[in-house]
Amino acid sequence: MHYSAAFSQAATSATAVPTISGSRHVGALHSSSSSCTLLIPSKPINLRFCGLRREAFGFSPSAFTRCSNSQRVQLPSRRRFKGSNVSASLGDNGIPKSFDYDLIIIGAGVGGHGAALHAVEKGLKTAIIEGDVVGGTCVNRGCVPSKALLAVSGRMRELQSEHHMKALGLQVHAAGYDRQGVADHANNLATKIRNNLTNSMKALGVDILTGVGTILGPQKVKFGTDNIVTAKDIIIATGSVPFVPKGIEVDGKTVITSDHALKLEFVPDWIAIVGSGYIGLEFSDVYTALGSEVTFIEALDQLMPGFDPEIGKLAQRVLVNPRKIDYHTGVFATKITPAKDGKPVTIELIDAKTKEPKDTLEVDAALIATGRAPFTNGLGLENINVVTQRGFVPVDERMRVTDANGNLVPHLYCIGDANGKMMLAHAASAQGISVVEQVTGRDHVLNHLSIPAACFTHPEISMVGLTEPQAREKAEKEGFEVSVAKTSFKANTKALAENEGEGLAKLIYRPDNGEILGVHIFGLHAADLIHEASNAIALGTRIQDIKFAVHAHPTLSEVLDELFKAAKVKDHASNPVSEPVAV
Amino acid sequence: MAHLLQTTFLPSSSPLIRRNQTYILRISGSRTRVNAKIREIFMPALSSTMTEGKIVSWVRSEGDKLCKGESVVVVESDKADMDVETFYDGYLAKIMVDEGGVASVGSAIALLAESEDEIAEAQAKAAASGSPSSPSSETSNSAAVVAAVPHPQPEKVKLAEPAAVTVGSAVHPASEGGKRIVASPYAKKLAKELKVELARVVGSGPKGRIVAKDVEAAAAGPAASVAAAGPAGIELASVVPFTTMQGAVSRNMVESLAVPTFRVGYTITTDALDALYKKIKSKGVTMTALLAKATALALVQHPVVNSSCRDGNSFIYNSSINIAVAVAVDGGLITPVLQDADKADIYTLSRKWKELVDKARAKLLQPHEYNTGTFTLSNLGMFGVDRFDAILPPGTGAIMAVGASEPTVVATKDGRIGMKNQMQVNVTADHRVIYGADLASFLQTLAKIIEDPRDLTF
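Calculation rules
- Residues numbered from 1 in each chain as written.
- Chains lettered and ligands numbered in written order.
- Predicted model: local features only at pLDDT ≥ 70, side-chain atom pairs only at ≥ 80, totals over all residues.
- Heavy atoms only, no water.
- Helix = DSSP H or I, 4+ residues; strand = E, 2+ residues; numbered from the N terminus.
- Buried < 20%, exposed > 50% of the residue type's maximum accessible area, 1.4 Å probe, protein only.
- Contact = heavy atoms within 4.5 Å.
- Areas by Shrake-Rupley, 256 points an atom, 1.4 Å probe, with all protein chains shown as cover.
- Pairing = 2+ DSSP bridges.
- Axes fitted to C-alpha atoms, helices over the stretch in contact; angles between N-to-C directions.
- Left-handed = near helix turned anticlockwise from the far one by under 90°.
- Nonpolar A, V, L, I, M, F, W, Y, C, P; charged D, E, K, R; others polar.
- Salt bridge = Lys/Arg side-chain N within 4 Å of Asp/Glu carboxyl O.
- Expected span 1.5 Å × (residues − 1).
- Core = buried A, V, L, I, M, F, W, Y, C linked by side-chain atoms within 4.5 Å.
- Patch = residues over 30% accessible without salt bridge, like charges linked within 9 Å, V, L, I, M, F, W, Y side chains within 5 Å.
- Phe/Tyr/Trp six-rings, centres within 6.5 Å; stacked < 30°, edge-to-face > 60°.
- pLDDT = per-residue confidence, 0-100.
- Parallel < 35°, antiparallel > 145°, perpendicular 65-115°, else oblique.
- Polar contact = N/O pair within 3.5 Å; in protein donor to acceptor, adjacent residues only side chain to side chain.

### A word on the overall build of chain B
For chain B, the count of helices and strands is 14 helices and 19 strands. Expressed as a percentage of the 458 residues in chain B, the buried residues total 45%. At a minimum sequence separation of 6, the contacts of chain B that also span at least 24 residues come to 60%. Within the structure as shown, chain B displays about 22700 Å² of accessible surface, and the carbon and sulfur contribution to it stands at 56%.

### Comments concerning the overall build of chain A
Helix and strand counts for chain A come out as 19 helices and 23 strands. Looking at chain A as a whole, 54% of its 583 residues are labelled buried. For chain A, contacts bridging at least 24 residues in sequence account for 65% of all contacts bridging at least 6. Surface summary for chain A: the accessible area is close to 25200 Å², and the carbon and sulfur share equals 54%.

### Focus: the sheet that holds strand β8 (residues 108–113) of chain B
All names here are of chain B. Within the open sheet, the four strands sit side by side as β1-β8-β6-β3. Their pairing is antiparallel. Of all the strands in the sheet, just β1 (38–42) and β3 (65–66) have a single pairing partner and so form its edges. Pairing of β3 with strand β6 (residues 90–95) involves two bridges; the strand directions are antiparallel. Each bridged residue has a counterpart across the sheet, and for K65 the counterpart in β6 is Y91.

### Side note on the packing of helix α6 (residues 110–121) of chain A against helix α14 (residues 425–439) of chain A
Residue and element names in this part refer to chain A. Packing of α6 against α14 brings their axes to within 7 Å, and their N-to-C directions diverge by 35°. You can see that α6 and α14 cross each other, and the crossing is right-handed. Residues V110, G111, G114, A115, H118 and A119 of α6 form the contact with α14, whose own contacting residues are A425, A428, S429, G432, I433, V436 and E437. Partitioning the contact of α6 with α14 into residue classes produces seven nonpolar, five polar and one charged.

### Quick notes on the pattern of salt bridges
Here the idea is simple: oppositely charged side chains can pair when their charged atoms come close. Applying the stated criterion to the full structure yields 34 salt bridges over all chains. Two residues, B:R60 and B:D64, come together in a salt bridge whose shortest N-O distance is 3.4 Å. Its relative accessible area of 23% is what places B:D64 among the partly exposed residues. Ionic contacts of the salt-bridge type, sharing partners, join the residues A:D308, A:E310, A:E468, A:R472, A:K486 and A:K506 into one network.

### Topic: helix α14 (residues 436–451) of chain B
Owing to its 3.6 residues per turn, the α-helix brings residues three or four apart onto one side. All names here are of chain B. Its 16 residues give α14 an end-to-end C-alpha distance of 22 Å, which sits within 8% of 22 Å, the value for a rise of 1.5 Å per residue. Buried residues of α14: L439, F442, L443, T445, L446, A447, I449 and I450, and no others. Buried residues along α14 sit against β9 (261–269), α10 (271–280), α11 (287–301), β16 (375–379), β17 (398–402) and β19 (417–430).

### Some words on the environment of B:D271
Residues and elements named next belong to chain B. Take D271: it is sitting in helix α10. Given the relative accessible area of 30%, D271 is considered partly exposed. Sequence separation between D271 and P453 is 182 residues; the distance between their C-alpha atoms is 10.0 Å. Contact partners of D271, with chain neighbours within four places excluded, come to M419, K420 and N421.

### Examining the pairing of strand β13 (residues 345–351) of chain A
Successive residues of a regular strand alternate their side chains across the two faces of the sheet. Residue and element names in this part refer to chain A. For β13, the tally of buried residues reaches five of seven residues, placing the bulk of the element in the interior. The sheet contact formed by strand β12 (residues 331–337) and β13 spans six bridges and is antiparallel. When the bridges of β13 are listed, K335 appears paired with E348. Summarising the sheet, β13 and strand β14 (residues 357–363) pair through six bridges and their orientation is antiparallel. Bridge assignment links I350 to a residue of β14, and that residue is P357.

### Quick word on the sheet that holds β13(A)
All names here are of chain A. Strand order in the open sheet made by the three strands is β12-β13-β14, with antiparallel pairing throughout. Here the strands that pair on one side only, and so sit at the sheet edges, are β12 and β14. The sheet shows a mean angle of 25° between the axes of neighbouring strands, taken without regard to direction.

### With respect to the nonpolar core
In summary, soluble globular proteins display a tendency toward joint burial of nonpolar side chains. Formed by 56 residues in total, the largest nonpolar core has its most connected members in B:V305, B:I323, B:F375, B:L377, B:M400, B:L439 and B:F442. Apart from the residues within four sequence positions on either side, B:F375 is in contact with B:T295, B:L299, B:V305, B:N306, B:N322, B:I323, B:A324, B:A398, B:M400 and B:F442. A:V182, A:V267, A:A289 and A:I451 belong to the second largest nonpolar core, which has 48 residues in total.

### Some remarks on the pairing of strand β2 (residues 52–58) of chain B
Residues and elements named next belong to chain B. In the sheet, β2 pairs with strand β7 (residues 102–104) via three bridges, with the strands oriented antiparallel. Directly across from K54, in β7, lies its bridge partner V102. The sheet contact formed by β2 and strand β4 (residues 71–76) spans four bridges and is antiparallel. Across the sheet, S57 pairs through a bridge with V74, a residue of β4.

### Overview of a nonpolar patch on the surface
Taken together, the side chains of A:L159, A:L168, A:L170 and A:V172 present a nonpolar region at the surface, about 290 Å² in accessible area. Locating A:L170 in the fold gives a position in the loop between α9 (162–168) and α10 (179–204).

### Notes on the packing of aromatic side chains
The way to describe two aromatic rings as a pair is by their centre distance and the angle between their planes. All names here are of chain B. As enumerated under the stated definition, the model contains three aromatic pairs over all chains in all. The interplanar angle of 65° and the centroid separation of 5.2 Å between the aromatic rings of F315 and Y317 together place this pair among those described as edge-to-face. Here F315 falls in the partly exposed class, since its relative accessible area comes to 37%. Take Y317: its relative accessible area is 48%, and that puts it in the partly exposed class.

### Here we look at the confidence of the model for chain B
Low-pLDDT portions of the prediction should not be read for the details of their coordinates. All names here are of chain B. When pLDDT is averaged along chain B, the result is 75; 75% of the residues meet or exceed 70. Of all the helices and strands in chain B, helix α6 (residues 162–167) carries the lowest mean pLDDT, 33, while β17 carries the highest, 94. Every residue in residues 28–34 scores below 50 in pLDDT, and together they form 14 contacts with partners more than four places removed in sequence or on other chains. Taken together, the chains of this predicted complex give a pTM of 0.59 and an interface ipTM of 0.70.

### Some thoughts on the environment of A:D259
Residues and elements named next belong to chain A. Relative to the helices and strands, D259 resides in helix α11 (residues 258–261). Taking relative accessible area as the criterion, D259 reaches 21% and is therefore assigned partly exposed. Discounting residues that sit within four places of it in the chain, D259 has contacts with R141 and P242.

### As for the confidence of the model for chain A
Of the residues in chain A, 82% have a pLDDT of 70 or more, and the chain-wide mean is 84. Note on residues 1–96 of chain A: pLDDT under 50 across the span, and 112 contacts to partners over four residues away in sequence or across chains.

### Here's the deal with unusual backbone geometry
Residues and elements named next belong to chain A. Along the chain, H458 connects to P459 via a cis peptide bond; the corresponding omega equals 0°. Mapped onto the secondary structure, P459 falls in the loop between β19 (453–455) and β20 (460–465). Residue P554 is reached from H553 by a cis peptide bond, and omega for that bond is -5°. Here P554 is to be found in the loop between α18 (543–546) and α19 (558–566). Positive phi outside glycine occurs at N385, with the angle close to 60°. Here N385 lies in the loop between β16 (372–374) and β17 (400–402). Residues other than glycine seldom take positive phi values, yet R390 does so here, at roughly 50°. Counting through the fold element by element, R390 comes out in the loop between β16 and β17.

### As for the packing of helix α8 (residues 143–160) of chain A against helix α12 (residues 278–289) of chain A
Residues and elements named next belong to chain A. At a minimum axis separation of 8 Å, α8 and α12 run at an interaxial angle of 45°. On the basis of the axis angle, α8 is oblique to α12. In the packing of α8 onto α12, the handedness of the crossing is left-handed. Where α8 approaches α12, its residues S146, K147, L149, L150, S153, M156, R157 and Q160 are matched on the opposing element by E282, S284, D285, V286, T288 and A289.

### Description of the side chain of A:Q438
Summarising the element assignment, A:Q438 is placed in helix α14. Here A:Q438 is in contact with A:R398, A:R400, A:Y413, A:D443 and A:H444, once residues within four sequence places are set aside.

### What about the environment of B:T335?
Residues and elements named next belong to chain B. Tracing the chain through its elements places T335 in the loop between β14 (332–334) and β15 (337–338). Along the backbone, T335 and A360 are 25 residues apart, and their C-alpha atoms lie at a distance of 8.7 Å. Setting aside chain neighbours within four positions, we find T335 in contact with A324, V325, A326, E369, Y370 and T376. Of the polar contacts made by the side chain of T335, one reaches the backbone oxygen of Y370; its length is 3.3 Å.

In structure tokens, the structure reads:
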């Protein structure tokens, strides 16, 4: 309740206080304090003291949490009036031109949604154009339904692990599953979240315009066949589609992308997964739990490229080696033919370096998880002289779109997968919020290094910031020292209570000033654990300070506690206790 | 300066590094001695409480060049898995403790050769160091540690196919015909684990794909490669690794210990059966077929004896009566199966049996021909054995041990003494599903059938 109180107070004073969401954040942090007015001015000052990326501050609460927050529904009507006030005043001060909207967002995925919500909060009259279904990839064909499948696979795996069950003293007889039931769970979850998303925008007064959005010219967008709307600022948030390399024929049945796989229309005995990134890994977790055997095909020499090598190695030992999975690394799948006339799916492999044919696989199904390609079809980029780079919309660090000549296109922004900076739902949302901050008069650059990422295998993998090799490279270039602290889940009471001691957390930091460069976690609930680290990076909190923060015992969060305490920093804590609280 | 030389995997000069250094492999060989070029890599102490460590995986394989600071092996201690790094440059000459093996802290787990030429020397040394005393003479400072090793390292047990192990499961090996072998990932994993050569496994999956159960079947039967174990000469006092078949038998036997079994014996008069056998022997009927047939007919009346319990929670009344008969083949034992023995007539059954035995000798049995039995017969009567006890094969409900039929002096009910041919049978059954009364009444039925064998020929 304090949360909502702080929020509404902040909202009513929206135009007066510049760092409004910052103050909301403070309200949430100090939830025991009822006097927000005191805190609002004090925090920005603190921030400037910290001096580090204050611009990143305040936007870390992600749009995810927001969309389902029903307390918010009461606010909109009041705020909408405010919104029009703001836009009117802007009109008075600026070019005397009236637009249909202050902000139009093309694409109602998680990025667009996050931007829309923040825009309304900032008092902008906002519309969102969607040519398909609200929710975009994440909600309909990505993170959301895959979590439903992974929830099932996690339980299946646990129930099937006789050893694990026995160790806990449990007896479970013949765990089985109903494919359609599992598929329905994923589909129902997607529908529910989609409705939540739609309702949250409607309730706030965001106009949802249905139809494909095309940019006709500066500040002018067409949607559907011939509806034209204008807006002061436009955000492109059209997202991405699964990337299918050439030579691969996707039939949606035996050769599939994540779009199809999430519908779980069948569980093949043997499925090849092309690409061992987080999409491929998550699906391998699902499929093996449901009884499939999996063959990974990875172009690079190692499975799980992109993860910190040490984490990748451990993950391979836990997630790949003991499971019914084999793999081919250093090979390209040049040709994949779907199953036809009783013939299995055939996959032709060539050596990634020599390009010589290496092998042919015959499997029951192939899942193409080679990444995602930006989706900008029909967006009308040519009308504003913007040329995509490898399909991505070129942007600067403030998500402002640049045209063919490298000049900024005024009033046009691009967020999310379409710009390719960091293809994660929450990154898109954070970028959207950053853009809204800018168009409402506060300069803002998002610190992408503070954006966490997670892979929801069992156990999970999560990371924020740099990997160890990246950190060392950077250290060499910039001339600072890097240290690494590690701790094992085997030392964590809660993990052992769950009989899930397999795991590692790794902290990469600067021993001279205590800056956190990266944190990587592999273990039980890693995805939930990473935020302590990502928030610390976003807020510029140093290890010597955060190590004094208290963690409840026994919890998994103590893994991070131990990590921070294991770090050896030369610097001393900056300000141990600012305001002593008597107990 | 040291940190400049180190790779990215070894963080440099932080306090943590110093902690890391305790994980660096301690390698023996005093540096002052110029000729000590082969060093032993010891199981490091990763924590103060660690007494032994398990090798999770060798990051590098034999023959690899190692640079100081590189990860060589992953060791699981009582607390965590740790990458262990080498402190010297050199070549990994010999891995002495394989993956999955356990070694006590301070014992040698591998040999490091300084140059490529010394790899062979190191390997020879490893082979020679079956007794732990030889390395202790090598250097004085390592002697104590080495002497503390309670048992010689099991390098001799290491199997002779390191290549297959290191390649991982990635490539399809080609069979003699140059044809690709299609095997599912789990089948390949199992094949590696059970040491089954995929080239000799016949697949039962789609398009002849080898799937896990084919490998399991191959491991259980002799179809896989056992040829190597020739009877040529037995080297006394040598450690002989199990052949695939021996391994499979061993696993099955150990597995059978999890099944609570009991035995019921019965003496059956075989005069009538012997007479029948004499009569139809010329038509190619064998005693084995007769016994199988009789057993099958008895099983028809006692389906519970033909049931099997696999998971300990439920059991299945098998839909067909498949009589497996144990046959000794060189280097082991196999159980060809007479399928639907209750339905086939005795002549067909006999022909089938001959066919199966021929195939078994030629090692050509298909998995379904030796692993689909629902009831097993084991007959040692031909050796003059009058009674014995069989171990229940896992996955079946009962096995019957058949002794020799011998002339016996018996007292008959009418108070006379006479001579009858009698044989003793002894059934071992899974008491989870088959109870004493079940077996007893089954044996009673069987005795009736054998003592009045008209039904055997229809």
